[in-house]
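# Overview (structure and organization)
Here is how the chains run, residue by residue.
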Amino acid sequence: MPKSIIIEPEKVCGRDTLCFADIPLNAYDRTLEQEAAIFSPEDFLHIWQDMCAIREFETILNEIKTKGAFKGVTYNHAGPAHLSIGQEAAAVGMAFSLTPDDHIFGSHRSHGEILAKGFSAIRQLSDEQLMSIMRSYRDGALLRPVEKGYGGDVKGLALRFFTYGAYSEIFARETGFNRGLGGSMHAFFAPFGIYPNNAIVGGSGSIAPGAALFKRVNRKPGIVVANIGDASFGCGPVWEGITFAAMDQYRTLWEESLGGGLPIVFNCMNNFYGMGGQPVGETMGVQFIARIGAGVNPDQMHAERVNGYDPLPVIDAFRRKKKLLEEGRGPVLLDTVTYRISGHSPSDASSYRSKEEIERWQQADSIRAFRQKLLNARLVSEDALDSAKAFLEATIFDMFQLAIDLEASPRVTVDSDLVASVMFSNGRVEKFDDRQPEFLQDIVENPRVQQIKTKIRTPTDDGKPVPKMKAYNVRDAIFEAMVHRFSIDPTMVAFGEENRDWGGAFAVYRGLTEALPYHRLFNSPISEAAIVGAAVGYGLAGGRAVAELMYADFMGRAGDEIFNQLSKWQSMSAGQLTMPVVLRISVGSKYGAQHSQDWTALAHHIPGLKVVYPVTPYDAKGMMNAALIGTDPVIFLESQRVYDFGEMFVEHGVPERYYEIPLGDPSIKRKGKDLTILTLGPTLYTAVAAANELQDRFGISTELIDLRAATPLNYDPLIESVKKTGKVLLASDAVERGSVMQTVAANLTQMCFDDLDGPPVVVGSRNWITPAAELEAMFFPQPAWLIDAIHERLLPLKGHRPTTNQTTGEMARRSRLGI
Ligand SMILES: Cc1ncc(C[n+]2csc(CCOP(=O)(O)OP(=O)(O)O)c2C)c(N)n1
Ligand SMILES: [Mg+2]
């Protein structure tokens, strides 16, 4: 296959018709007697009992939410419970024949899917495997309460362990899967192949493809299922996730041995309602969710509708689709029909649907119907069904009682530092797998590597300034750090728009195309949500990903993935999962209002992200190295203004060897004694110009410190400097309002109040849109602004005549106008 397809005018302009294949709707037509050739009586019993167990689990929650008690046991559950009463057959059908290697992701309404997958895994894992999981999971914290006084077998113990972990998680107990930090909508248990469930509707739609990508790139067995609701198909990130999963390149450009298309099922749990809106008939126009497949690729995503009100058609569909995914023919779309008898949540007044409709689905109830079918066909005895049900209900009730018992299942205390301790994993992992990293060439022979070798890495060359073309620059520094980690960690992948042949929009990766196979460096669709979502899924699955957003201005397109997903899964998992993802984000200029914004503050505001912004080659290499050995999500901002800059501060130059710069340590770029200037981003160079002028014209010695990071941030060197100078100005290219610098200024005011001669002064860009390149000087901080602000608000400069208005009166005026 050539790298790109020649587009022939005669062909693409020729007359033709695009045809679609039929999409089956509930095509399953096997009788129970025919199924008996596939399933044993025990299988049938298991399918039915799993449905009953889910019903019981959810019924208990429903009763305590609506009545405060179940069977006389009272409990007040403060948190949410999005129940799936009615959807049991769809959940069990989905999970029944998946193996623990098959990973599911889900939604806010996933208790049933979690339980179904857990029951299925418990049946498939050996006693030794189960004991090992239970003993090692959080050092046995969940096992201890459930094994006390228990005399049954291991499978029974695992059942207690699992239902107890689920209830405890929902009730925010220490003994929950994730110590109660996930809760009802986010519960998961990775050892059984149950991955994060998501309170953001459709959240799993962009994440699950990353987990499937991990399986392909790292040749891992199993498939990935994204269980998402029908209303979530109105969410952009779901469409983006589908687009990402359906890229042609997996089959046209990637090595065949990797296995082809992504092994993923987008499984629509189609209960025909959002909260209170109806996708079909009201809020969407597709009529059938399965129809979406027809627009995605020539395989039409092998889409079909299956009757999820009966477990057998769903099991059948999953078995067929899994085979197809193993043949590399993914992705798959399933439109699994089901019905939620319960309300959206306990406060649901069902104002949006009729009582008759609910009653009809209750009459057709899958649990009762399936039982009757089994009895009619004499496949399982009434006794067997009843005793299995009674056993399970008793176990679930026991585990509910154990989970609400504060002594056996305590909550973490309010003064606990648990949450603080899991916000970051702060790990160091050289590589996530031991196999040999794949390259297309010996990296030392790579033309870009060779070219970098000839560059000058010091601020001067024989005492003379280094010409731009010869200077080892920020771009080279990031490239070098990337190559280092690529050659150690075989799981490391990089992707984003135009990442491959173009080398990333700003050519940081130029040369890597020759060095790396497609599956380690590839172009993504223009789907920022999917780019970040896939990196999240890849990281959660256990690999290292570097994703790129072409401009900071596009963070909005990946808002949920950055702010709710990338940032949160380490802490919501209470440290069970790590997120070794670096998100490279380029910050523009000269391109106007939608391509020139420094949005560091947005990422800085979100707990759980490390946010760094190096602007020198030395810092860029050392900090990228640190980001790429870490296990935390790092927002790595890069300024387009400085990609070409050589090293101007470190006299000995940028080492060729590997080194790291701890993320969060500010760097003193110039020592001084009269005044401190702090910068973040390329404003460092603006401040250098201002500091030179202050020295030359006024004899003022400036201490210049580049924060290099917004989160974490070590204040020690800042405090030390302020103690010395008593005066501090903070400047960055972000708009002044709500900037990182405002936070730092406020903190310094409190941390060194007694040492300050006056309040810290913040200079940022104007609170405007970014105007055209020719007008940027009216928007971004200029050296004159810094000098004028110092003169007006910190230290009157003898004989200085300000050319801009940096007075506090002007600040107040602008604020009144919101500009
Ligand atoms: C992004 C987002 N928008 C809105 C909500 C509020 N909300 C929670 S569930 C829900 C309906 C979701 O419907 P569907 O995807 O069909 O799943 P179901 O609840 O039917 O299982 C809504 C609107 C949310 N959690 N996330
Ligand atoms: Mg729905």
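Residues numbered from 1 in each chain as written. Chains lettered and ligands numbered in written order. Predicted model: local features only at pLDDT ≥ 70, side-chain atom pairs only at ≥ 80, totals over all residues. Heavy atoms only, no water.

### Regarding the overall build of the protein
- In terms of helices and strands, the protein carries 30 helices and 22 strands.
- For the protein, whose C-alpha radius of gyration is 30 Å, the value lies close to the compact-globule estimate of 28 Å for 819 residues.
- Each of the three principal axes of the protein carries a C-alpha extent, and together these read 100 × 70 × 50 Å.
- The proportion of buried residues among the 819 residues of the protein is 61%.
- Expressed as a percentage of contacts within the protein between residues at least 6 apart in sequence, the contacts between residues at least 24 apart total 77%.
- In the structure as shown, the protein presents an accessible area of about 32100 Å², 53% of it carried by carbon and sulfur atoms. (Helix = DSSP H or I, 4+ residues; strand = E, 2+ residues; numbered from the N terminus. Rg over C-alpha atoms; globule rule 2.2 N^0.38 Å. Buried < 20%, exposed > 50% of the residue type's maximum accessible area, 1.4 Å probe, protein only. Contact = heavy atoms within 4.5 Å. Areas by Shrake-Rupley, 256 points an atom, 1.4 Å probe, with all protein chains shown as cover.)

### Thoughts on helix 13 (residues 311-326)
- Here helix 13 spans 22 Å end to end across 16 residues, near enough to the 22 Å set by a 1.5 Å rise per residue.
- Among the 16 residues that make up helix 13, twelve are buried, leaving the element largely enclosed by the rest of the structure.
- Looking at helix 13, one finds that the buried residues are Pro311, Leu312, Pro313, Val314, Ile315, Asp316, Ala317, Phe318, Lys321, Lys322, Leu324 and Leu325.
- Residue Asp310 occupies the N-cap position of helix 13, its side-chain oxygen lying 3.1 Å from the main-chain nitrogen of Leu312.
- Once helix 13 ends, the next one or two residues include Gly328, with phi positive near 80°. (Expected span 1.5 Å × (residues − 1). Polar contact = N/O pair within 3.5 Å; in protein donor to acceptor, adjacent residues only side chain to side chain.)

### Comments concerning unusual backbone geometry
- Cis geometry is adopted by the peptide bond preceding Pro331, which originates at Gly330 and carries an omega value of 5°.
- One can find Pro331 in the loop between helix 13 and strand 8 (332-337).
- The step from Thr711 to Pro712 runs through a cis peptide bond, and the omega angle for that step is -10°.
- By the secondary structure assignment, Pro712 is in the loop between strand 20 (709-711) and helix 27 (716-725).
- At Ala172, a residue that is not glycine, the phi angle is positive and equals roughly 60°.
- Tracing the sequence through the fold places Ala172 in the loop between helix 8 (154-170) and strand 4 (194-197).

### A few points about the coordination of the magnesium ion (ligand 2)
- For the magnesium ion (ligand 2), the full set of protein donor atoms is Asp230 (OD), Asn271 (OD1) and Tyr273 (O), and the range of their distances to it is 2.0 to 2.1 Å.
- As a motif over one chain, the donors of the magnesium ion (ligand 2) read D-x40-N-x1-Y. Within this pair, whereas Asp230 is found in the loop between strand 5 (224-229) and helix 10 (236-245), its partner Tyr273 is found in the loop between strand 6 (264-270) and helix 12 (292-296), the two being separated by 43 residues in sequence. (Donors = N, O, S within 2.8 Å, 3.2 Å for Na, K, Ca; no water.)

### Comments concerning the sheet that holds strand 5
- The six strands are arranged 4-3-5-6-8-7 in an open sheet whose pairing can be described as parallel. Strands at the two margins of the open sheet, each flanked by one partner only, are strand 4 and strand 7 (304-307). Shown here is a sheet whose adjacent strand axes are inclined to one another by a mean of 20°, direction ignored.
- Of the strand pairs in this sheet, strand 6 and strand 8 are connected by six bridges, and their pairing is parallel. Bridge assignment links Phe266 to a residue of strand 8, and that residue is Leu333.
- Against the sheet, helix 9 (residues 203-217) touches strand 3 (103-106), strand 4, strand 5 and strand 6, its axis set at about 175° to strand 5. (Pairing = 2+ DSSP bridges. Axes fitted to C-alpha atoms, helices over the stretch in contact; angles between N-to-C directions.)

### Some details on the packing of aromatic side chains
- Under the counting rule described, the total for this entry stands at 37 aromatic pairs.
- Ring geometry for Phe39 versus Phe96: centroids 6.2 Å apart, planes at 65°, classification edge-to-face. Of this pair, Phe39 sits in the loop between helix 2 (32-35) and helix 3 (41-66) while Phe96 sits in the loop between helix 4 (88-95) and strand 3, and the two are 57 residues apart along the sequence.
- Residues Tyr167 and Phe400 carry aromatic rings whose centres are separated by 5.7 Å and whose planes lie at 65° to one another, so their mutual orientation is edge-to-face. With Tyr167 in helix 8 and Phe400 in helix 16 (residues 382-404), this residue pair connects regions lying 233 residues apart in the sequence.
- Overall, the relative accessible area of 0% leaves Tyr167 in the buried class.
- Taken together, the ring pairs connect Phe57, Phe70, Tyr75, Tyr167, Phe171, Phe397 and Phe400 into an aromatic cluster.
- In this structure, Arg500 is placed above the aromatic ring of Tyr518, and the distance from its NZ or CZ to the ring centre is 4.0 Å.
- In this structure, Arg520 packs its charged tip against the face of Phe439, placed 5.6 Å from the ring centre. (Phe/Tyr/Trp six-rings, centres within 6.5 Å; stacked < 30°, edge-to-face > 60°. Lys NZ or Arg CZ within 6 Å of the ring centre and 35° of its normal.)

### Brief notes about the sheet that holds strand 15 (residues 610-612)
- Pairing is mixed across the open sheet formed by seven strands, whose spatial order is 12-11-13-14-16-15-20. Both outer strands of the open sheet, strand 12 (521-523) and strand 20, are each paired with one neighbouring strand and no more. Neighbour-to-neighbour, the strand axes of the sheet open up by a mean angle of 20°, direction not taken into account.
- Sitting on the sheet, helix 19 (residues 474-486) touches strand 11 (493-496), strand 13 (545-549), strand 14 (581-587) and strand 16 (634-639), and the angle it makes with strand 11 is about 135°.
- Along the sheet face, helix 21 (residues 528-541) touches strand 11, strand 13 and strand 14 and points at about 165° away from the line of strand 13.

### Section: the site of ligand 1
- Around ligand 1 sit 14 residues, and of these His108, Arg109, Asp230, Ala231 and Asn271 come closest.
- At 2.8 Å, a side-chain N or O of Asn271 approaches an oxygen atom of ligand 1.
- Starting from 580 Å² of accessible surface for ligand 1 in isolation, the protein chains cover 71%.
- The residue makeup of the shell around ligand 1, split by class, is six nonpolar, six polar and two charged. (Near = heavy atom within 4 Å. Nonpolar A, V, L, I, M, F, W, Y, C, P; charged D, E, K, R; others polar.)

### Quick word on the nonpolar core
- Phe162 and Phe495 are the most contacted members of the largest nonpolar core, which totals 251 residues.
- At twelve residues, the largest contribution of residues to this core is made by helix 3.
- Formed by six residues, the second largest nonpolar core is a distinct cluster that contains Ile85, Tyr339, Ile341 and Ile358. (Core = buried A, V, L, I, M, F, W, Y, C linked by side-chain atoms within 4.5 Å.)

### Topic: a nonpolar patch on the surface
- There is a patch of nonpolar side chains on the surface, built from Trp768, Ile769, Leu775, Met778, Leu817 and Ile819 and spanning about 550 Å² of accessible area.
- By the element assignment, Ile819 lies in the segment after helix 30 (808-817). (Patch = residues over 30% accessible without salt bridge, like charges linked within 9 Å, V, L, I, M, F, W, Y side chains within 5 Å. Salt bridge = Lys/Arg side-chain N within 4 Å of Asp/Glu carboxyl O.)

### A short note on the side chain of Lys117
- With respect to the helices and strands, the residue Lys117 is situated in helix 5 (residues 111-124).
- The charged side chain of Lys117 is buried without a salt bridge, its nearest counter-charge being Asp102 at 6.0 Å.
- There is a polar contact of 3.0 Å between the side chain of Lys117 and the backbone oxygen of Thr99.
- Of the polar contacts made by the side chain of Lys117, one reaches the backbone oxygen of Asp102; its length is 2.8 Å.
- Each residue touching Lys117, except ones within four places of it in the same chain, is listed here: Ala95, Leu98, Thr99, Pro100, Asp102, Ile104, Phe192, Gly193 and Ile194. (Lys, Arg positive; Asp, Glu negative; His and termini not counted.)

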